[in-house]
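In case you want the letters, here they are:
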Amino acid sequence: MTRTLGERLGETPQVTPTREGPGSLARWEARLLRTPLPRSYVREVTLSVRGRPVLGARTLSLLDDPAVEVLRRLSNRPLAEVLFQDQDWRRLTAPIPLIELEGRRIGRACVWGHRCHGRRWDRSGSRILVTEYFEPALAER
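Residues numbered from 1 in each chain as written. Predicted model: local features only at pLDDT ≥ 70, side-chain atom pairs only at ≥ 80, totals over all residues. Heavy atoms only, no water.

A few words on the pairing of strand β6 (residues 105-114). Counting buried positions along β6 yields 7 of 10 residues, so the element is predominantly enclosed. Judged from the 3 bridges that link them, strand β4 (residues 89-91) and β6 form a sheet pairing that is antiparallel. Note on β6: the bridge partner recorded for Arg90 is Gly113. In terms of strand pairing, β6 meets strand β7 (residues 126-134) through 9 bridges, oriented antiparallel. Looking across to β7, one finds that Arg108 is bridged to Glu132. (Buried < 20%, exposed > 50% of the residue type's maximum accessible area, 1.4 Å probe, protein only. Helix = DSSP H or I, 4+ residues; strand = E, 2+ residues; numbered from the N terminus. Pairing = 2+ DSSP bridges.)

Structure follows, in structure tokens:
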């Protein structure tokens, strides 16, 4: 999404981490991560162009998942650098459309998985849930 936004808006968005660490899961997030646990590791960032937020992203992983270390090392780099440059990551679900009614934001969510040690793809490896919400500033363009 970072590259697409950069092409559309004429400038690569700046990634600003806004929250990182243990946090609560919504029920729908827990279902997508296939966990009964109410807590996860959360990384939230805002992508901005010329100081205006255009996208909010929330990435979740189980607290004991090795993917947490990947998220911790990102700092202000976009997650896409990992997901699209490492062939061991791939989408496990098609993008799921989302609408946050009270905030009137539109977005999408997708579960990604990591293939461990050359094994075939399955749903037992590392998983992250990536949620992206388009901010009102993007709709104005």
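Moving on, we come to the side chain of Ser126. With respect to the element layout, Ser126 can be found in strand β7. At 2.7 Å, the side chain of Ser126 and the side chain of Asp65 are in polar contact. In contact with Ser126, other than residues within four places in its own chain, are Asp65, Pro66, Ala67, Trp89, Trp112, Gly113 and His114. (Polar contact = N/O pair within 3.5 Å; in protein donor to acceptor, adjacent residues only side chain to side chain. Contact = heavy atoms within 4.5 Å.)

Before going further, it helps to examine unusual backbone geometry. In the Ramachandran plot, Arg34 falls in the positive-phi region, its phi being about 60° despite a non-glycine side chain. Residue position: Arg34 is located in the loop between α2 (27-33) and β2 (39-49). Located in the positive-phi region is Arg50, a residue other than glycine, with phi close to 50°. You can call Arg50 partly exposed: its relative accessible area is 48%.

We now examine the nonpolar core. Leu79, Val82, Leu83, Trp89, Trp112, Ile128 and Val130 are the most contacted members of the largest nonpolar core, which totals 14 residues. Going through the elements one at a time, α3 (67-72), α4 (80-83), β6 and β7 are the ones with two or more residues in this core. A total of 4 residues in this core trace back to one element, the largest contributor, which is α3. (Core = buried A, V, L, I, M, F, W, Y, C linked by side-chain atoms within 4.5 Å.)

Bringing the environment of Leu47 into the picture now. As for its placement among the helices and strands, Leu47 is situated in strand β2. We classify Leu47 as buried; its relative accessible area is 5%. Through-space distance from the C-alpha of Leu47 to that of Pro78 is 8.8 Å; in sequence the pair is 31 residues apart.

Pairing between side chains becomes possible if they bear opposite charge and their charged atoms approach one another. Overall, the coordinates contain 5 salt bridges when judged by the stated rule. Taking the shortest distance from any N to any O, the salt bridge between Arg58 and Glu29 comes out at 2.9 Å. With a gap of 29 residues between them, Arg58 in strand β3 (residues 52-61) and Glu29 in helix α2 connect regions that are remote in the sequence. Ionic pairing is found between Glu44 and Arg58, a salt bridge with its closest N-O pair at 2.6 Å. Taken as a pair, Glu44 in strand β2 and Arg58 in strand β3 lie far apart in primary sequence, 14 residues in all. Salt bridges sharing common partners tie together Glu29, Glu44 and Arg58. (Salt bridge = Lys/Arg side-chain N within 4 Å of Asp/Glu carboxyl O.)

Attention now moves to the confidence of the model for the protein chain. On average, residues of the protein chain score 85 in pLDDT, and 79% of them reach the 70 mark or higher. Element-level mean pLDDT values for the protein chain span from 54 in helix α5 (residues 136-139) up to 95 in strand β1 (residues 14-24). (pLDDT = per-residue confidence, 0-100.)

This part takes up the side chain of Arg43. With respect to the helices, strands and loops of the structure, Arg43 is situated in strand β2. An unpaired buried charge is present at Arg43: no salt bridge exists, and Glu20, the closest side chain of opposite charge, is 4.3 Å distant. Looking at Arg43, its side chain comes within polar contact range of the main-chain oxygen of Ser75, at 2.9 Å. In this structure the side chain of Arg43 is engaged in a polar contact, spanning 3.1 Å, whose partner is the backbone oxygen of Arg77. Once you skip the residues sitting within four places of it in the chain, Arg43 turns out to touch Val15, Arg19, Glu20, Ala57, Arg58, Thr59, Leu71, Leu74, Ser75, Arg77 and Leu79. (Lys, Arg positive; Asp, Glu negative; His and termini not counted.)

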